[in-house]
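One-letter residues, chain by chain:
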Amino acid sequence: MEGDRVAGRPVLSSLPVLLLLPLLMSRAAALHPDELFPHGESWGDQLLQEGDDESSAVVKLANPLHFYEARFSNLYVGTNGIISTQDFPRETQYVDYDFPTDFPAMAPFLADIDTSHGRGAPHRVNGKVSGHLHVGHTPVHFTDVDLHAYIVGNDGRAYTAISHIPQPAAQALLPLTPIGGLFGWLFALEKPGSENGFSLAGAAFTHDMEVTFYPGEETVRITQTAEGLDPENYLSIKTNIQGQVPYVPANFTAHISPYKELYHYSDSAVTSTSSRDYSLTFGAINQTWSYRIHQNITYQVCRHAPRRPSFPTTQQLNVDRVFALYNDEERVLRFAVTNQIGPVKEDSDPTPVNPCYDGSHMCDTTARCHPGTGVDYTCECASGYQGDGRNCVDENECATGFHRCGPNSVCINLPGSYRCECRSGYEFADDRHTCILITPPANPCEDGSHTCAAAGQARCVHHGGSTFSCACLPGYAGDGHQCTDVDECSENRCHPAATCYNTPGSFSCRCQPGYYGDGFQCIPDSTSSQTPCEQQQRHAQAQYAYPGARFHIPQCDEQGNFLPLQCHGSTGFCWCVDPDGHEVPGTQTPPGSTPPHCGPSPEPTQRPPTICERWRENLLEHYGGTPRDDQYVPQCDDLGHFIPLQCHGKSDFCWCVDKDGREVQGTRSQPGTTPACIPTVAPPMVRPTPRPDVTPPSVGTFLLYTQGQQIGYLPLNGTRLQKDAAKTLLSLHGSIIVGIDYDCRERMVYWTDVAGRTISRASLELGAEPETIVNSGLISPEGLAIDHIRRTMYWTDSVLDKIESALLDGSERKVLFYTDLVNPRAIAVDPIRGNLYWTDWNREAPKIETSSLDGENRRILINTDIGLPNGLTFDPFSKLLCWADAGTKKLECTLPDGTGRRVIHNNLKYPFSIVSYADHFYHTDWRRDGVVSVNKHSGQFTDEYLPEQRSHLYGITAVYPYCPTGKKYALGCSFKLAG
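Residues numbered from 1 in each chain as written. Predicted model: local features only at pLDDT ≥ 70, side-chain atom pairs only at ≥ 80, totals over all residues. Heavy atoms only, no water.

- Per an unreviewed UniProt entry, the protein goes by Nidogen-2 and derives from Pan troglodytes.
- According to its UniProt record, the protein has this under Subcellular location (unreviewed entry): "Secreted, Extracellular space, Extracellular matrix, Basement membrane".
- Of the protein, the UniProt comment under Subunit (unreviewed entry) reads exactly: "Interacts with LAMA2. Interacts with COL13A1. Interacts with EFEMP2." (UniProt positions renumbered as here; feature names shortened; annotations may be inferred.)

## A short note on the overall build of the protein
Next, step 1: The helix and strand inventory of the protein stands at 10 helices and 62 strands.
Next, step 2: Considering only intrachain contacts with a sequence separation of at least 6, the fraction spanning at least 24 residues in the protein is 46%.
Next, step 3: Within the structure as shown, the protein displays about 50200 Å² of accessible surface, and the carbon and sulfur contribution to it stands at 52%. (Helix = DSSP H or I, 4+ residues; strand = E, 2+ residues; numbered from the N terminus. Contact = heavy atoms within 4.5 Å. Areas by Shrake-Rupley, 256 points an atom, 1.4 Å probe, with all protein chains shown as cover.)

## Quick look at the UniProt feature "domain: EGF-like" (unreviewed entry) in the protein
Next, step 1: In this numbering, the UniProt entry assigns the feature "domain: EGF-like" (unreviewed entry) to residues 352–393, 394–436, 441–484 and 485–521.
Next, step 2: With 0% helix and 43% strand, the stretch residues 485–521 has end C-alpha atoms that lie 25 Å from each other.

## Section: the sheet that holds strand β49 (residues 814–817)
Next, step 1: Pairing within the open sheet is antiparallel, and its 4 strands lie in the order β46-β47-β48-β49. Looking along the sheet, the strands with just one partner apiece sit at the ends: β46 (781–787) and β49. Neighbouring strand axes in the sheet, compared pairwise and without regard to direction, differ in orientation by 25° on average.
Next, step 2: Here strand β48 (residues 802–807) pairs with β49 via 3 bridges, running antiparallel. Each residue of the ladder has a partner; that of S805, found in β49, is K814. (Pairing = 2+ DSSP bridges. Axes fitted to C-alpha atoms, helices over the stretch in contact; angles between N-to-C directions.)

## Let's talk about the nonpolar core
Next, step 1: Membership of the largest hydrophobic core comes to 63 residues, with the highest contact counts inside it found for V125, I162, I165, L176, F183 and W185.
Next, step 2: For this core, the leading source of residues is strand β6 (residues 138–152), giving 6 residues.
Next, step 3: The next biggest cluster of nonpolar side chains, apart from the first, holds 17 residues, and it includes L704, L729, W751 and A762. (Core = buried A, V, L, I, M, F, W, Y, C linked by side-chain atoms within 4.5 Å. Buried < 20%, exposed > 50% of the residue type's maximum accessible area, 1.4 Å probe, protein only.)

## Section: the packing of aromatic side chains
Next, step 1: Applying the stated criterion across every chain yields a total of 16 aromatic pairs.
Next, step 2: Measuring from centroid to centroid gives 6.5 Å for Y742 and Y960, while their planes differ by 90°, and the two rings are edge-to-face. Here Y742 is found in strand β42 (residues 737–743), whereas its partner Y960 is found in the segment after β62 (956–959), with 218 residues between them in sequence. Across the pair, exposure class does not vary: Y742 and Y960 are buried alike.
Next, step 3: Measuring from ring centre to ring centre gives 5.0 Å for F912 and W926, while their planes differ by 5°; the resulting arrangement is stacked. (Phe/Tyr/Trp six-rings, centres within 6.5 Å; stacked < 30°, edge-to-face > 60°.)

## A short note on helix α10 (residues 611–622)
Next, step 1: With 12 residues, α10 ought to run about 16 Å at 1.5 Å a step, and its terminal C-alpha atoms sit 16 Å apart, in line with that.
Next, step 2: Phi for G624, located one or two positions after α10, is positive at around 85°. (Expected span 1.5 Å × (residues − 1).)

## Points about the environment of I786
Next, step 1: Tracing the backbone through its elements, the reader meets I786 in strand β46.
Next, step 2: Using a relative accessible area of 3% as the deciding quantity, one classes I786 as buried.
Next, step 3: Along the primary structure I786 and C744 are separated by 42 residues, whereas in three dimensions their C-alpha atoms are 9.5 Å apart.

## Overview of the pattern of salt bridges
Next, step 1: Summed over the entire model, instances satisfying the criterion amount to 25 salt bridges.
Next, step 2: A salt bridge links E227 to K238; its shortest N-O distance comes to 4.0 Å. Taken together, the residues span a long stretch of sequence, with E227 in strand β10 (residues 219–229) and K238 in strand β11 (residues 235–245) at a distance of 11 residues.
Next, step 3: A residue is classified by how much of its surface remains accessible, and E227, at 48% relative accessible area, is partly exposed. (Salt bridge = Lys/Arg side-chain N within 4 Å of Asp/Glu carboxyl O.)

## Some details on the confidence of the model for the protein
Next, step 1: On average, residues of the protein score 81 in pLDDT, and 83% of them reach the 70 mark or higher.
Next, step 2: Least confident of the elements in the protein is helix α1 (residues 14–26), whose mean pLDDT is 37; most confident is strand β47 (residues 792–797), at 96. (pLDDT = per-residue confidence, 0-100.)

## A short note on the state of the cysteines
Next, step 1: Going through the model one piece at a time under the given rule, you end up with 17 disulfides.
Next, step 2: Residue C452 pairs covalently with C470 via a disulfide, S to S 1.9 Å. With the S-S dihedral at roughly -80°, the linkage between C452 and C470 falls on the left-handed side. Of this pair, C452 sits in the loop between α8 (444–447) and β26 (458–462) while C470 sits in strand β27 (residues 468–472), and the two are 18 residues apart along the sequence. By the burial criterion, C452 is buried, and C470 matches it. (Disulfide = S-S within 2.5 Å.)

## Examining the sheet that holds strand β43 (residues 748–753)
Next, step 1: Here 4 strands make up an open sheet; going across it, the order is β42-β43-β44-β45 and the pairing antiparallel. Strands with a single pairing partner mark the edges of an open sheet, and in this sheet they are β42 and β45 (771–774). In this sheet, adjacent strand axes meet at a mean angle of 30° when their direction is disregarded.
Next, step 2: Where β43 meets strand β44 (residues 758–763), 6 bridges bridge the pair, whose relative direction is antiparallel. Of the residues in β44, the one forming a bridge with Y750 is R761.

## Section: helix α4 (residues 178–186)
In an α-helix, one turn spans 3.6 residues; hence positions three or four apart end up facing the same way.
Next, step 1: Burial runs high along α4: 9 of the 9 residues are buried.
Next, step 2: Within α4, the full set of buried residues consists of P178, I179, G180, G181, L182, F183, G184, W185 and L186.

## Remarks on the pairing of strand β15 (residues 285–299)
Next, step 1: Where strand β9 (residues 204–214) meets β15, 10 bridges bridge the pair, whose relative direction is antiparallel. Looking at the pairing, T212 lines up with R292 of β15.
Next, step 2: As paired strands, strand β14 (residues 269–282) and β15 are joined by 14 bridges and run antiparallel to one another. Paired with S272 across the strands is Q295, a residue of β15.
Next, step 3: Between β14 and β15, which pair antiparallel in sequence order, lie 2 residues; one of them, G283, sits at a positive phi of approximately 65°.

Structure, rendered in structure tokens:
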């Protein structure tokens, strides 16, 4: 062995040696071997004593060696190929005691000379270790840390070192000596007639090991893959560790007694199963645990190798010494074992396996098996269960009070455990047990920090956080921060025969004497003996009794008629009037000027005929003035608009038309049933437009229905209709409201408008105003359904033949279906199960269809014995889908998959929309022009409500004072609404 050559003469490089070889060989007889190979004692080299574990004298280094974070000036070289930073211990120091597992071996090297006299050269292993572990319940990960092993083959000693494993994992892996035990089996000292693992499997194999710890039953799987020998003749191996291991506290040491293992051999596979006890000690603490190991080693047999002589199917591995240490400062985990492989001894019957290990125990599946001595064991019910261990039942912590759920929370029992849930309006604190009140974000509209005008003049709209906007209430004008009263009387909103009285934010009208009515419509009182002029004259004269009154006193002729010229006695203004006393526009003159010349009033201008009226007139002329019963004549209303339902003469062949008189495809009916045609032009408003804001309903459950230009409110007492408390919730001039539904999360009502071609919403708060959320791409939006859980709405368009969806603010709009639809109308949603349902009253092929809420899995549910399915609702109590059919006159229900169809009622009049609530159905009816209630169980009519204004009712929905969470149905909850 050559010492440090830094201070002595330099060693020749390999290139000059190669160049000089031919010259040297030519005079080889003259050369001494020491001259050809400049090594040995004659050159100043030191010689090691022969034998095992012999070391050199100290080798002084001129330049210190940097190794990791340390500096070394002395080295020792051993006969077994080890370079160390300290002298080797003598064999007598550890043969009868402990292995030097903390021996500072610095680097192995391939020795040129075997000094063991044929007793076996040392073996070396290099590799990487990766792992994903749960140490107790703490996850620990490490990747490609170094593994080095050194095996003394002549006596089966194997040393293994793994560096830089995180401390929790390294400490927990101390009992897992099988990680290094593989190398003990691989290079075990062979007894006559036996072979170790390396002799059998070579340098390419896979070692799979499953270890189960007791009593916790943690399981870890270890895979060690040998990938052959590297250029330095080292065995390369990769190790992967996955699973859970028990937590081992810091500073505890692991002790494992010598043991024996039986290995069973077959073609290209070796298996072994054994149990092992280990002790964890720290000071006076001594704890004994155990684990069970299942090993499987697979390798590939070389087909070209000579046939092996008979080989025993079972061999016994004797492990005489086992050591495991972890050094936190060096962050190195070390294992050391001494192994011999040989035949199975007759007196080495395997120790009886404890039933806890092989699963033959009688403990309950929810109990833990605790191994005792030999085959003894005890059973203990797991936490959350009670019993003797052989029979365990769940312990209801919620009932016994053994839970940690705090106030404002609900305890929910689970098998072996429980769960705490906070009540509505509360959330968990950091301890996940205490429920604290959810602090709502600051709302300037509620805390009064906004800058809007007074509450009676403006409305504050909160947009989240500290943002808000202001809007003047109807009857006021301004920017919302400053609002002034609008004088409605200057807009002539009252009837000409009425007096207008302006009030802050509003106005009122009162018919003049000689007329009766509400001020918006005034009709002459035929029962009075006085003429209107005389009555107004007497009324004005009576007003003069009040101080400051400056009323005009009409002038009448001898017959009591209005004089064509009227002048105000106090102001001097003059003007002309018509026979009814109404001022003729443009005739008023100021005081001191010549009064106007007032003659007879001109005849009112007649409006030009409409398309419907001109077409009707032309056809009547073509028919000779009187059409036959089977000839078509357009039907027009008083304003000349097409009536939505058109028929051939006096026959029952009818169809729907749009505002231009064009037939709506798929609506032509056969005799016996007329189609449900919805007008698309709103009727004119004779009276002044009502304020378009919400009259808030009372607290409780109620129905909302649509009727032309308004949304009606009908409260329920239980399931009975409170007809005397019904009222108008919202008036919308120029609209035809059809579909309606309710969002219980934000207390908002949503509706479709076929006249305005929009979808809108409004809050059920005092003074709330409508907000249009979809105003494009619609022609005849009819059915509407709200998914309050996913915050999504769905609607049908019977002219575009589409079904669409959007978020509740109108964003993220999406077309779900636009094919195989003719007249889609009603739509319903089951937000709990994620299903969508809709009807198509195509007169040639009516049907009810379904799909998922994202438009997938579309399919037909019902297409037989169905006529005009106008209304549709999903009943969450019975999980039934129900519909009202204006063609068959039936109310029917089916399961969501289309099976279990049954008739609830078979004698409806003309239903349009339907909703389910508690044990009743409520539907709007076009024959009765009202709301009809039907008992779900008996199928009998129970009541009806007929509004004072008699016209068609369209959509209907139910509103309740709570909102389902999506987990359980509450009594009285209704999810959909047809419309």
